[in-house]
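Each chain, letter by letter, is given below.
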Amino acid sequence: LPSLRADAELAKQATLGALASEIQRLVWTRGPHHKAFRDMLEIRWGACCAVHGDDCRSLLRASHIVPWAESTSEARADPNNGLLLSVPLDGLFDRGHISFDFEGWLLDEKVPIAMRKHYGITEGLRLRWDRLGPGDRERIRENLARHRARHGF
């Protein structure tokens, strides 16, 4: 009988919890190195989108090319595994809807034509390679090749 009471109490708490306007969660978040990663990307890309070149700092995301969850600690902090992208491009990139070819040209064939303007995708978009040294460009190319393979480009 005590077990039934405990089960009934848990069921009652679960029901009340489902109706609560707030819940408490324990989550893992990225550590302080992510701020350093973003800072390095802001310096590299001049605090502008790596594609559009727009200064929209509050709407920029430090995006990992090889996903954070699949990277080593070293790769997570490596600016050659990152792009500073506007919010719409970051969302598309993270979900594998866009990528970049060997020369940095935007690959967008997975985005419906009718939606491209909505996301700020116009013809001829390319990473701003002029911001990078040749060695950095090669390391970014390697990471972009992994991104393209992962998402079927």
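Below, the structure is looked at part by part. (Residues numbered from 1 in each chain as written. Predicted model: local features only at pLDDT ≥ 70, side-chain atom pairs only at ≥ 80, totals over all residues. Heavy atoms only, no water.)

## Let's talk about the pairing of strand E2 (residues 82–86)
Okay, so step 1: By the criterion of burial, E2 is predominantly enclosed, with five of the five residues buried.
Okay, so step 2: Burial of E2 is two-sided: the residues Gly-82, Leu-84 and Ser-86 facing one way and the residues Leu-83 and Leu-85 facing the other way are all buried.
Okay, so step 3: In terms of strand pairing, strand E1 (residues 60–64) meets E2 through five bridges, oriented antiparallel. Bridge pairing links Leu-60 to Ser-86 in E2. (Buried < 20%, exposed > 50% of the residue type's maximum accessible area, 1.4 Å probe, protein only. Helix = DSSP H or I, 4+ residues; strand = E, 2+ residues; numbered from the N terminus. Pairing = 2+ DSSP bridges.)

## Concerning the pattern of salt bridges
Okay, so step 1: Enumeration over the complete set of coordinates arrives at nine salt bridges.
Okay, so step 2: Note that Glu-42 is salt-bridged to Arg-38, the shortest N-O span being 3.0 Å. Of the two residues, Glu-42 and Arg-38 are both situated in helix H2 (residues 33–44); the distance of four residues between them amounts to about one turn of the helix.
Okay, so step 3: Classification of Glu-42 as buried rests on a relative accessible area of 15%.
Okay, so step 4: Put simply, Asp-78 and Arg-139 hold a salt bridge, and the shortest N to O gap is 3.1 Å. Of the two residues, Asp-78 sits in the loop between helix H3 (73–76) and E2 while Arg-139 sits in helix H6 (residues 134–150), which places them 61 residues apart along the sequence. (Salt bridge = Lys/Arg side-chain N within 4 Å of Asp/Glu carboxyl O.)

## Quick look at H6
Okay, so step 1: Between its first and last C-alpha, H6 extends 24 Å over 17 residues, near the 24 Å set by a 1.5 Å rise per residue.
Okay, so step 2: Listed in full, the buried residues belonging to H6 are Ile-140, Arg-141, Asn-143, Leu-144, His-147 and Arg-148. (Expected span 1.5 Å × (residues − 1).)

## Describing the packing of aromatic side chains
Okay, so step 1: Throughout the structure, instances matching the rule amount to one aromatic pair.
Okay, so step 2: The ring of Trp-68 carries the charged tip of Arg-76 above its face, separated from the ring centre by 4.0 Å.
Okay, so step 3: Over the ring of Trp-129 we find Arg-141; its NZ or CZ atom is 5.3 Å from the centre of that ring. (Phe/Tyr/Trp six-rings, centres within 6.5 Å; stacked < 30°, edge-to-face > 60°. Lys NZ or Arg CZ within 6 Å of the ring centre and 35° of its normal.)

## Quick look at the environment of Arg-44
Okay, so step 1: By the element assignment, Arg-44 lies in helix H2.
Okay, so step 2: Residue Arg-44 is classed as buried on the basis of its relative accessible area, which comes to 13%.
Okay, so step 3: As a C-alpha pair, Arg-44 and Pro-79 span 35 residues in sequence and 8.3 Å in three-dimensional space.
Okay, so step 4: With residues near it in sequence (within four places) discarded, Arg-44 still touches Pro-79, Asn-80, Arg-131, Leu-132, Asp-136 and Ile-140. (Contact = heavy atoms within 4.5 Å.)

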